[in-house]
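Structural characterization, general
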Amino acid sequence: MKKRSLSVALVTTCSSISSNSMAIYTEMLTEVLSPHADKVRLTRIDLLDLIPRFPWPTPTLERRFQQLWLAFISPWQLRRYSPDLFHLTDGSTCYVLNRLDPKKCVVTLHDLIPLLQQQGRFPIAPSGIFARWLIKKNLCSLGAQRNLCVDSMATNEDLKSNIDSDITPVVIFLTIRNKLLTCCPNLIPSWQERVEQGQRLILHVGNSGFYKNRTTVVKVFAELVKTHPLELVMAGGPPDGQLELLIQDLKLTEKVKFVSYPDDKTLSRLYLRASLLLFPSYYEGFGWPPLEAMAFGCPVVCSNAGSLPEIVGDGALMASPDNVAGLVNHCDSVLEDASRAMELIKAGWENVKRFSPESMAEKLLDLYDSALP
């Protein structure tokens with residue numbers, strides 16, 4: 001008798017129309033597992049879509065209401081569903097599983113950035129009382145889980161250092177979405193094409209979160225533009241007031257462009273145009289942009305923080321996130337030495353091969369199988 005396929009509900013704590021990293025990860029799960037429909041049948045439960053909508057006076061109040069709903073109501077809502085397994089795609093909200101049998105749950109934890117912030121790991125003030133309560137609640141929920149996976153060894157080490165559990169998480173590296181790679185059919189330009197068509201482009205991809213370290217991006221660019229004909233494109237969330245003031249103070253307004261929430265076609269075109277990706281994050285649980293840039297033949301200069309060393313391998317030049325001089329020197333070496341740049345591009349292409357959708361799918365299926373009684 002043919003074995004029936006496993007039913008897995010992908011549980012998200014973002015809206016079905018969201019385009020943030022958690023939505024992208026959920027889309028990636030569907031993409032890599034779709035060739036295995038004979039083994040697993042996927043459905044989605046978008047918890048944010050189940051929360052009542054009200055005309056809140058401020059976004060902060062709306063966000064607090066959503067967080068409280070996820071903590072206290074969503075666990076009961078999930079009990080209405082009966083898949084073989086629930087797969088929570090964002091382990092930072094693990095408490096939504098509190099009313100379910102942990103044996104029927106799989107959790108992906110991407111990072112513990114809020115906790116690390118609270119512990120003073122980053123140059124930013126610790127979070128407030130409400131955030132600390134959520135962090136503690138989430139750690140308790142993570143400690144009760146039986147089937148955990150993480151995106152990197154860096155997140156794995158953070159998790160083992162902060163929860164008391166005898167469970168060993170499975171490290172499942174992510175991949176690059178095929179949708180991004182195929183939405184722009186242009187041939188990948190050579191290094192010479194990237195740097196000989198007038199003004200060169202420095203690219204940064206990331207949101208406005210403190211850990212993306214956008215201020216260092218601007219400070220590095222301010223040094224580079226003194227000796228190179230450059231423009232800076234910052235793709236992701238719009239700038240906050242502090243970043244706008246820094247750009248004005250450094251007299252870079254005419255040289256810095258923001259592309260807010262780019263779609264895949266726009267993002268792929270930016271990777272194809274860029275002379276290098278500058279990515280000095282304070283922390284990444286995985287870090288897609290460096291890997292995506294490598295796939296598009298774009299050299300990468302990034303920080304050596306969090307998971308980035310294990311993700312970029314030999315395919316990027318690295319310095320500490322606050323080492324402006326070191327980052328500037330790395331960028332200079334790419335912009336001024338064609339042979340160095342081409343070596344980096346080739347190393348990036350080789351590095352990308354480590355992150356195949358087939359490998360990700362195989363490890364996910366093994367995790368699902370091991371979770372079953």
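To start, this report covers the structure provided alongside it. Given the structure is predicted, the values throughout are model-derived calculations rather than measurements.

Before going further, it helps to spend a moment on helix α6 (residues 153–162). Turning to α6, its buried residues are Ala-154, Thr-155, Asn-156, Asp-158 and Leu-159. Of the surrounding elements, those touching the buried residues of α6 are β4 (105–109), α4 (113–118), α5 (129–144), β5 (148–150), β6 (170–171) and α13 (308–312).

Positive phi, close to 55°, is recorded for Lys-251, a residue that is not glycine. When you line up the elements, Lys-251 lands in the loop between α10 (241–249) and β9 (256–260). Take Lys-251: its relative accessible area is 73%, and that puts it in the exposed class. A positive phi is found at Tyr-261, a non-glycine position, where the angle reads about 50°. Relative to the assigned elements, Tyr-261 resides in the loop between β9 and α11 (264–273).

Once that is clear, we can look at α5. Counted at 1.5 Å a residue, the expected span for α5 with its 16 residues is 22 Å, and the 23 Å between its end C-alpha atoms agrees. Here α5 has its buried residues at Leu-134, Ile-135, Asn-138, Leu-139, Ser-141, Leu-142 and Gly-143.

Our next topic: the pairing of strand β10 (residues 276–279). Neither face of β10 is open: one carries Leu-276 and Leu-278, the other Leu-277 and Phe-279, and all of them are buried. Here two bridges tie strand β7 (residues 200–206) to β10, and the two strands are oriented parallel to one another. Across the sheet, Leu-203 pairs through a bridge with Leu-277, a residue of β10. Strand direction decides the pairing type here: β10 and strand β11 (residues 300–303), joined by three bridges, are parallel. Across the sheet, Leu-278 pairs through a bridge with Val-301, a residue of β11. For the segment spanning β10, helix α12 (residues 288–295) and β11, crossover handedness is right-handed.

This part covers the packing of aromatic side chains. With the rule as written, the count across this model stands at 13 aromatic pairs. Here Phe-65 and Trp-69 contribute two aromatic rings whose centre-to-centre distance is 5.9 Å and whose plane-to-plane angle is 50°, an arrangement assigned as tilted. Here the residue Phe-65 and the residue Trp-69 both occupy positions in helix α2 (residues 59–72), the gap between them amounting to four residues, near one helical turn. Classification of Trp-69 by relative accessible area gives buried; the value is 18%. Residues Phe-286 and Phe-355 carry aromatic rings whose centres are separated by 5.9 Å and whose planes lie at 85° to one another, so their mutual orientation is edge-to-face. With Phe-286 in the loop between β10 and α12 and Phe-355 in the loop between α15 (338–352) and α16 (357–371), this residue pair connects regions lying 69 residues apart in the sequence. Classification of Phe-286 as buried rests on a relative accessible area of 4%. Looking at Phe-355, the relative accessible area reads 4%, which means it is buried. One aromatic cluster in this structure is built from Phe-54, Trp-56, Phe-65 and Trp-69.

Each value, and the rule that gives it
- Residues numbered from 1 in each chain as written.
- Predicted model: local features only at pLDDT ≥ 70, side-chain atom pairs only at ≥ 80, totals over all residues.
- Heavy atoms only, no water.
- Buried < 20%, exposed > 50% of the residue type's maximum accessible area, 1.4 Å probe, protein only.
- Helix = DSSP H or I, 4+ residues; strand = E, 2+ residues; numbered from the N terminus.
- Contact = heavy atoms within 4.5 Å.
- Expected span 1.5 Å × (residues − 1).
- Pairing = 2+ DSSP bridges.
- Right-handed = clockwise from strand over helix to strand, strands pointing away.
- Phe/Tyr/Trp six-rings, centres within 6.5 Å; stacked < 30°, edge-to-face > 60°.

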